Amino acid sequence: MHQHFAMMAAYNRWSNRLVYDCAAQLDVDDLDRQTGAFFGSLMATLNHVLVADRIWMKRFTGEGDAPTRLDATIHRGLAELRTAREAEDARIVAWIDGLDDAAFGGRFTYLTATDMRTVSQRLAPALAHFFNHQTHHRGQCHGMLTGFGQPSLALDLIYFQRTPEGRPYA
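Thresholds applied
Residues numbered from 1 in each chain as written. Predicted model: local features only at pLDDT ≥ 70, side-chain atom pairs only at ≥ 80, totals over all residues. Heavy atoms only, no water. Helix = DSSP H or I, 4+ residues; strand = E, 2+ residues; numbered from the N terminus. Rg over C-alpha atoms; globule rule 2.2 N^0.38 Å. Contact = heavy atoms within 4.5 Å. Areas by Shrake-Rupley, 256 points an atom, 1.4 Å probe, with all protein chains shown as cover. Lys, Arg positive; Asp, Glu negative; His and termini not counted. Charge placed at Lys NZ, Arg CZ, Asp CG, Glu CD. Buried < 20%, exposed > 50% of the residue type's maximum accessible area, 1.4 Å probe, protein only. Pairing = 2+ DSSP bridges. Salt bridge = Lys/Arg side-chain N within 4 Å of Asp/Glu carboxyl O. Polar contact = N/O pair within 3.5 Å; in protein donor to acceptor, adjacent residues only side chain to side chain. Core = buried A, V, L, I, M, F, W, Y, C linked by side-chain atoms within 4.5 Å.

## Considering the overall build of the chain
Now for step 1: Scanning the chain for helices and strands turns up six helices and two strands.
Now for step 2: Ordered by position from the N terminus, the helices and strands of the chain form the series α-α-α-α-β-β-α-α.
Now for step 3: Taken against the 2.2 N^0.38 rule, which gives 15 Å for 170 residues, the C-alpha radius of gyration of the chain at 16 Å falls within 12% of a compact globule.
Now for step 4: In terms of overall dimensions, the chain has C-alpha extents of about 45 × 40 × 25 Å along its principal axes.
Now for step 5: When contacts within the chain are restricted to residue pairs at least 6 apart in sequence, long-range pairs at least 24 apart make up 70% of them.
Now for step 6: Carbon and sulfur atoms make up 52% of the accessible area of the chain, which amounts to about 8600 Å² in all.
Now for step 7: The average position of the 17 basic charges and that of the 19 acidic charges among the side chains of the chain differ by 5 Å.

See the structure below:
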């Protein structure tokens, strides 16, 4: 389990880097353009992924800032949002690296953000959701980026596994 989730944390960091590199080629109008995606714009979607990651990391660790709204705006500018994203990715990688195998079978309890219910569940299935959620919204970002004329990104996990950073997980 540890190897799998360490791979997912490293993959998350790698693929976020690619998305942000591509987004940096856009002007502010495109970043903020309403596209019909669930959170509207590319900037709103990138903010949402960071918001959700912070909420989950607060649940997992008991530490850090956790926004109270899923559509919160952490940063309006891409450069500032990217800096926060990179810091959160480093935090995720370090936290996963610090877990032992037994931790993945353990349980944790948290309060939901949308309907204020208390939930108790095993860590591994919650981590599967955590990383799947990021992949889902990066896919939306990818669609918006290509819609703005940016090149299609090869974000598949297998492509990460073929990089120097991902090869140890292949």
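## A short note on the side chain of Q134
Now for step 1: Here Q134 lies in helix α5 (residues 123-147).
Now for step 2: You can call Q134 buried: its relative accessible area is 0%.
Now for step 3: Leave out the neighbours within four places in its chain, and Q134 touches N12, V49, D53 and I92.

## Quick word on the pairing of strand β2 (residues 118-122)
Now for step 1: Sheet topology note: the strand β1 (residues 107-111)/β2 ladder contains five bridges and is antiparallel. When the sheet's bridge partners are listed, L111 is paired in β2 with T118.
Now for step 2: Hairpin connection from β1 to β2: six residues lie between these consecutive antiparallel strands, with M116 at a positive phi of about 55°.

## With respect to the pattern of salt bridges
Now for step 1: Considering all chains together, one arrives at eleven salt bridges under this definition.
Now for step 2: Between E165 and R13 there is a salt bridge, with the nearest N and O atoms lying 3.3 Å from each other. Separated by 152 residues along the polypeptide, E165 in the segment after α6 (157-161) and R13 in helix α1 (residues 2-23) bring together distant segments of the chain.
Now for step 3: Overall, E165 belongs to the partly exposed group, its relative accessible area being 26%.
Now for step 4: Notably, a salt bridge pairs R85 with D89, separated by 2.7 Å at the nearest N-O pair. Of this pair, R85 and D89 both sit in helix α4 (residues 78-97), four residues apart, roughly one helical turn. Both residues of the pair, R85 and D89, belong to the buried class.
Now for step 5: One network of salt bridges, in which partners are shared, links R13, R17 and E165.

## A word on the side chain of D89
Now for step 1: Assessed through its relative accessible area of 2%, D89 is described here as buried.
Now for step 2: Within the structure, the side chain of D89 is placed 3.0 Å from the side chain of N12, a separation counted as a polar contact.

## Details of the nonpolar core
Now for step 1: The biggest cluster of nonpolar side chains holds 47 residues, and the ones touching the most others in it are L42, F60, I96 and L127.
Now for step 2: Those elements giving two or more residues to this core turn out to be α1, α3 (42-61), α4, β1 and α5.
Now for step 3: Considering every element that reaches this core, the biggest residue donor is α1, with twelve residues.
Now for step 4: Excluding its chain neighbours within four sequence positions, the residues that come into contact with I96 are H2, F5, A6, A9 and L127.

So yeah, pure geometry; function would need other evidence.
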